Structure formats: C-alpha cells, structure tokens
Amino acid sequence: NAGVTQTPKFQVLKTGQSMTLQCAQDMNHNSMYWYRQDPGMGLRLIYYSASEGTTDKGEVPNGYNVSRLNKREFSLRLESAAPSQTSVYFCASRGGLPSGNTIYFGEGSWLTVV
Amino acid sequence: DAKTTQPPSMDCAEGRAANLPCNHSTISGNEYVYWYRQIHSQGPQYIIHGLKNNETNEMASLIITEDRKSSTLILPHATLRDTAVYYCIVRVVRGTGNQFYFGTGTSLTVIP
C-alpha cells in the first residue's frame, strides 16, 4: 500500500526560483495537509484542504500556494523561494472509516534554498 | 487555539513504563488530544487519541485529567525502538475542516 506519496524527496533551489511539491494519496481520504518542519522543531501547518475544491490557510501560509487538483492530489507551490523556506515538508491525509480520526503522513520532502 | 506544552526530553530504561506528560490548559470542549511519534526524520506515526476518557490500544495508553488540561501518554514496556520524538497534538475542529497543531515534542531516549 502506497499511502501518501510525495515528490521530489530532495530538491535544491536558488533564491527566487519556483517549484511545486507534489502529493498524492490512494486511501480515498477527503482531507489533505501540508506541514513544514524546521531543524529541531515540531511540524507547523501551512495549508490544508478539507475536501476536493477547498483549501484553507494554516499557521504559516505566507510564501506558499496550494492546489487541490482532485481528491487524490494536493500540491504545494513556492512561487519565489527564499532561504527561510529551507525545511522538510510533509504531506498528510485524513478521512473515511475506519481511519477517520487518524492522519497519515508521507515520508517528507527535503528542500534547501541557497 | 489550544496549544500544547511538553518537556523537551526524557529518558526511560528499557522494559520500564515511559510516562510522557503534556499540558493543554486552553483546550476547548470539542478538541481531541492526539499523540504521534517521529522516528529520525520519517513521517510522524499515529499512536493514540482521546477526548475525555482514558484510552488504550496495542501501542499505548492515554490518561486525560478530568479537567482535560493535561494528559499523559504511557508506553507500558519501552523498547529501544520506542526511541523517538513524541508529539502531543490538539485537533481543532473548524467549520472548514480539522486542523492538527503540533508542539515541539518530547525526545524520548530508551536506555538499554
């Protein structure tokens, strides 16, 4: 079972470049999330999508945009990358029975902005 | 929004119970408490959750105080593989969906 799949796993960007992190889940979940984790820190919510066609800001949305392309896919875009966006990015999904109360995470995408 | 406070680190002897505390003094009545753990830099893994009653599953037990201002995660017989960062999380229910807010977690080291 694939669960939550993120691509790419590693990426180095130059300041000002743009890129999109892709996330897909195969569990037919309604809700999807994007988090970032800085060294030695907990996860902070960037954006989330409660269902297909809806997105909402989390704790740290500035500098990011998201797209809920369909029920399976939720992408995170950095329009103009900054060194402060160097972080590990986790995508997650939640929904459906019997796992409705549990969120499942991908393995992370390591992004370095130089 | 309710936030959580956890000790930054703890040690536990292998085979003993690990008791990880969490304070969530501003939690609202409909906000659940979740526990996740993260091993190295992998994606966090679900452990257990609860609203106001104590809960137990095959991994752990969750004790929530009557006033719901704090909780304790109990790993009954810690093993070396339980060494990880443990996050106490509050699930905030909004009209637009559910948000999960992570704190900075407790780094648990299980000692042989």
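Owing to the predicted nature of the structure, the values given are computational and were not obtained by experimental measurement.

## Things to note about the sheet that holds strand β1 (residues 4-7) of chain A
All names here are of chain A.
So, step 1. Judged by pairing direction, the sheet is antiparallel, and its four strands sit side by side in the order β1-β3-β8-β7 without closing on themselves. Here the strands that pair on one side only, and so sit at the sheet edges, are β1 and β7 (65-68). Sheet twist, expressed as the mean angle between neighbouring strand axes with direction ignored, is 15°.
So, step 2. The pairing of β7 with strand β8 (residues 74-78) spans four bridges and is antiparallel. Across the sheet, the residue bridging to Arg68 is Phe74, located in β8.

## Examining the interface of chain A and chain B
So, step 1. Contact residues are listed per partner, giving 21 residues for chain A and 22 residues for chain B.
So, step 2. Area buried by chain A at its contact with chain B is led by A:Leu43, A:Tyr48 and A:Asn101, which between them contribute 27% of it.
So, step 3. The partner of A:Glu59 in a salt bridge is B:Lys3, with the nearest N and O atoms 4.0 Å apart.
So, step 4. For the interface between chain A and chain B, the tally reads four residue pairs in polar contact (both at pLDDT 80 or more).
So, step 5. Elements that contribute at least two residues to the side of chain A that touches chain B include exactly β4 (31-37), β5 (43-49), β6 (56-57), β9 (87-94) and β10 (103-105) of chain A.

## Some words on the environment of A:Pro39
Residues and elements named next belong to chain A.
So, step 1. On the secondary structure map, Pro39 appears in the loop between β4 and β5.
So, step 2. Overall, Pro39 belongs to the exposed group, its relative accessible area being 76%.
So, step 3. Separated by 47 residues in sequence, Pro39 and Thr86 place their C-alpha atoms 9.6 Å apart.

## Examining the state of the cysteines
Residue and element names in this part refer to chain A.
So, step 1. In total, this model carries two disulfides over all chains according to the counting rule given.
So, step 2. A sulfur-sulfur distance of 1.9 Å marks the disulfide that ties Cys23 to Cys91. Across the S-S bond linking Cys23 and Cys91, the dihedral sits near -80°, which makes this disulfide left-handed. Here Cys91 lies in strand β9 and Cys23 lies in strand β3 (residues 19-25), a separation of 68 residues in the sequence.
So, step 3. Judged by its relative accessible area of 2%, Cys23 is buried.
So, step 4. When its relative accessible area of 0% is taken as the criterion, Cys91 is described as buried.

How each quantity is defined
- All residue numbers refer to position in the chain's written sequence, counted from 1.
- Chain A is the first chain written and ligand 1 is the first ligand written, with later ones labelled in order.
- Only residues with pLDDT of 70 or above have their local features reported here, since the model is predicted, and side-chain atom pairs are shown and tallied only from 80 upward, although totals for entire chains, interfaces and linings are computed over all residues.
- Water and hydrogen atoms were dropped before computing side-chain values, which therefore reflect all heavy atoms in the structure.
- Here, a strand pair is defined by DSSP locating no fewer than two bridges between the strands.
- Numbering of helices and strands runs from the N terminus; a helix is a DSSP stretch of H or I covering at least four residues, while a strand is a stretch of E covering at least two.
- For every element, the axis is a line fit to its C-alpha atoms; helices are fit only across the contacting stretch, and the angle between N-to-C directions ranges from 0 to 180 degrees.
- We call two residues in contact when some of their heavy atoms are within 4.5 Å.
- The buried area of a pairing is the accessible area, by a 1.4 Å probe, that goes missing from both parts when the two are put together, added over both.
- A side-chain nitrogen of Lys or Arg and a carboxyl oxygen of Asp or Glu constitute a salt bridge if their distance falls within 4 Å.
- Polar contact is defined as a pair of N or O atoms within 3.5 Å, subject to the rule that within protein one atom must be able to donate a hydrogen and the other to accept it, and that residues adjacent in sequence are counted only when both atoms are side-chain atoms.
- Each residue gets one of three labels from its accessible area relative to the maximum for its type: buried under 20%, exposed over 50%, partly exposed in between, using a 1.4 Å probe on protein chains only.
- By definition, disulfides here are pairs of cysteine sulfur atoms that lie within 2.5 Å.

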